[in-house]
Amino acid sequence: MGRPPLNSRLAEFGTTIFAEMSALAVRTGSINLGQGFPDVDGPESVREAAVRALRDGRGNQYPPGPGVPELREAVAAHQSRFYGELGLTYDPDTEILVTAGATEAVAASLLGLVEPGDEVIALEPYYDSYAASIALAGGTRVPVTLRPRDGAYALDLDELRDAVTDRTRLILLNTPHNPTGTVLTRDELAAIAGLCVERDLLAVTDEVYEHLVYDGEHLPLASFEGMRERTVTISSAGKTFAFTGWKVGWAMAPPELLAAVRAAKQYLTYVASGPFQYAIAEALALPDTYYEGLRDDLRTKRDLLSAGLRDAGFEVFRSAGTYFITTDIRPLGASDGIDFCLSLPERCGVVAVPTQVFYDHQPEAAHLVRFAFCKREEVLRDATSRLKGLTS
Ligand SMILES: *Cc1c(COP(=O)(O)O)cnc(C)c1O
């Protein structure tokens, strides 16, 4: 065979460690704290709403390209309900696009807005689809690395400012941030907004953990001065309602920007998740007690796993949001996260993810390992007692 089959745009993304880790988890019967999906499904009423939609024949055929009107209206209502005070509202007909999860919304935004050669700034470590999506769009990724400060991961605003060049097209932001659990503060977001306005940059913000903030608050970048007109805001039902398999997401932006995202999206999936769109429309209207209950439950789990990991000898970085905790394994006498994670299932029956796979500059992150806490409390307790066996 002549040249290798995988094209150059994707060559560096050919294999990931995840397949190997998951196979290991199954073979060793390990507790999987690697992947970020809940081990209990979301609300029964929302599942029933999906069943009703299927039975009533709603969404079983291609839904409208922008998404079913019920869901677009529910997304608009959700946005007014949680961020209306900040002046952030969207028109369901011209400013909201339903996507196959946030993943497609990010991909379509980059494909629709980035020219080959444009630079895209993203916070490192990255969510795993970002680098590949930037590459598919022909963009050049420019990482701005979050680093430990006072026991948690933080953004260096000077480094962000220095990363902007004349070729920068957009900043791809993720807050609350996976995998570090960093939640950008009002001052940080205001500074990022100022930079975007000053340098005339677009912003694409991945806010899938908007309701999973345990310390501080989530503020959409689009609510800052001068940002609504230049920001694509992305969220999704997967994390908020614990239905990660349904792949219902959405993008919100002023009409001209959204049209660019839609142009790419229509040739990716065209549409997806018909009946689930109706169910998520109902889910978004759940009372505040649902959203508060979800957050309080996950805060308890974060605390439980953080304490357990600390007890087991890890250095634990404070996580203010998301499903994840980042740890440093060096206090356990280990230095390479990949070796550590590959041996962990055999050594104690737990699976975790080496954070370095989310970095361009891997050596800097060699000693970091990510654990997910979106699991039942008894599973987290079992996992932490197994991890304690590492040092005894
Ligand atoms: C889980 C996750 C996504 C994927 O969302 P989907 O709606 O499942 O596509 C996107 N971004 C981040 C940061 C995530 O953690």
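Residues numbered from 1 in each chain as written. Predicted model: local features only at pLDDT ≥ 70, side-chain atom pairs only at ≥ 80, totals over all residues. Heavy atoms only, no water.

As named in an unreviewed UniProt entry, the protein chain is Pyridoxal phosphate-dependent aminotransferase, taken from Streptomyces albiaxialis. According to the UniProt record, the Cofactor (unreviewed entry) comment for the protein chain reads "pyridoxal 5'-phosphate". (UniProt positions renumbered as here; feature names shortened; annotations may be inferred.)

A. Structural view of a nonpolar patch on the surface. A surface patch of nonpolar side chains, about 240 Å² in accessible area, is lined by L111, L136 and L268. The topology assignment puts L136 in helix α5 (residues 130-136). (Patch = residues over 30% accessible without salt bridge, like charges linked within 9 Å, V, L, I, M, F, W, Y side chains within 5 Å. Areas by Shrake-Rupley, 256 points an atom, 1.4 Å probe, with all protein chains shown as cover. Salt bridge = Lys/Arg side-chain N within 4 Å of Asp/Glu carboxyl O. Helix = DSSP H or I, 4+ residues; strand = E, 2+ residues; numbered from the N terminus.)

B. How the structure looks around the pattern of salt bridges. Scanning all chains against the criterion turns up 27 salt bridges. Two residues, R147 and E159, come together in a salt bridge whose shortest N-O distance is 2.8 Å. One end of the pair, R147, is in strand β5 (residues 147-149); the other, E159, is in helix α6 (residues 157-163), with 12 residues separating them in the sequence. On the basis of relative accessibility, which here comes to 23%, the residue E159 falls in the partly exposed class. (Buried < 20%, exposed > 50% of the residue type's maximum accessible area, 1.4 Å probe, protein only.)

C. A look at the nonpolar core. Residues L172, F241, I280, F314, F371 and L387 are the most contacted members of the largest nonpolar core, which totals 96 residues. With 7 residues, helix α11 (residues 288-311) is the largest single contributor of residues to this core. Setting aside chain neighbours within four positions, we find F314 in contact with L309, T327, D328, I329, L332, F340, F371, L387 and L390. One finds L173, L189, F224 and M227 within the second-largest nonpolar core, a separate group that totals 31 residues. (Core = buried A, V, L, I, M, F, W, Y, C linked by side-chain atoms within 4.5 Å. Contact = heavy atoms within 4.5 Å.)

D. Representation of the sheet that holds strand β15 (residues 368-372) within the structure. Reading across from one edge, β11-β12-β15-β14 is the order of the 4 strands in this open sheet, with antiparallel pairing throughout. This sheet does not close on itself; its edge strands, each paired only once, are β11 (315-316) and β14 (353-354). (Pairing = 2+ DSSP bridges.)

E. Representation of the pairing of strand β12 (residues 324-328) in the model. Taken across its 5 residues, β12 has 5 buried, putting it largely inside the fold. Burial of β12 is two-sided: the residues F324, T326 and D328 facing one way and the residues I325 and T327 facing the other way are all buried. Inspection of the sheet shows β11 paired to β12 by 2 bridges, in the antiparallel sense. Counted as the bridge partner of E315 is D328 from β12. Relative to β15, β12 is paired through 5 bridges, and the arrangement is antiparallel. Bridge pairing in β15 places T326 opposite R370.

F. Representation of the site of the ligand. Neighbouring the ligand are G101, A102, T103, Y127, N174, N178, D206, V208, Y209, S236, K239 and K247. Separating an oxygen atom of the ligand from a backbone N or O atom of A102 is a distance of 2.8 Å. With the chains in place, 94% of the 390 Å² that the ligand exposes on its own is no longer accessible. Among the elements that line the shell around the ligand, the one with the most residues is helix α4 (residues 101-113), at 3 residues. Partitioned by chemical class, the residues of the shell around the ligand number 4 nonpolar, 5 polar and 3 charged. (Near = heavy atom within 4 Å. Polar contact = N/O pair within 3.5 Å; in protein donor to acceptor, adjacent residues only side chain to side chain. Nonpolar A, V, L, I, M, F, W, Y, C, P; charged D, E, K, R; others polar.)

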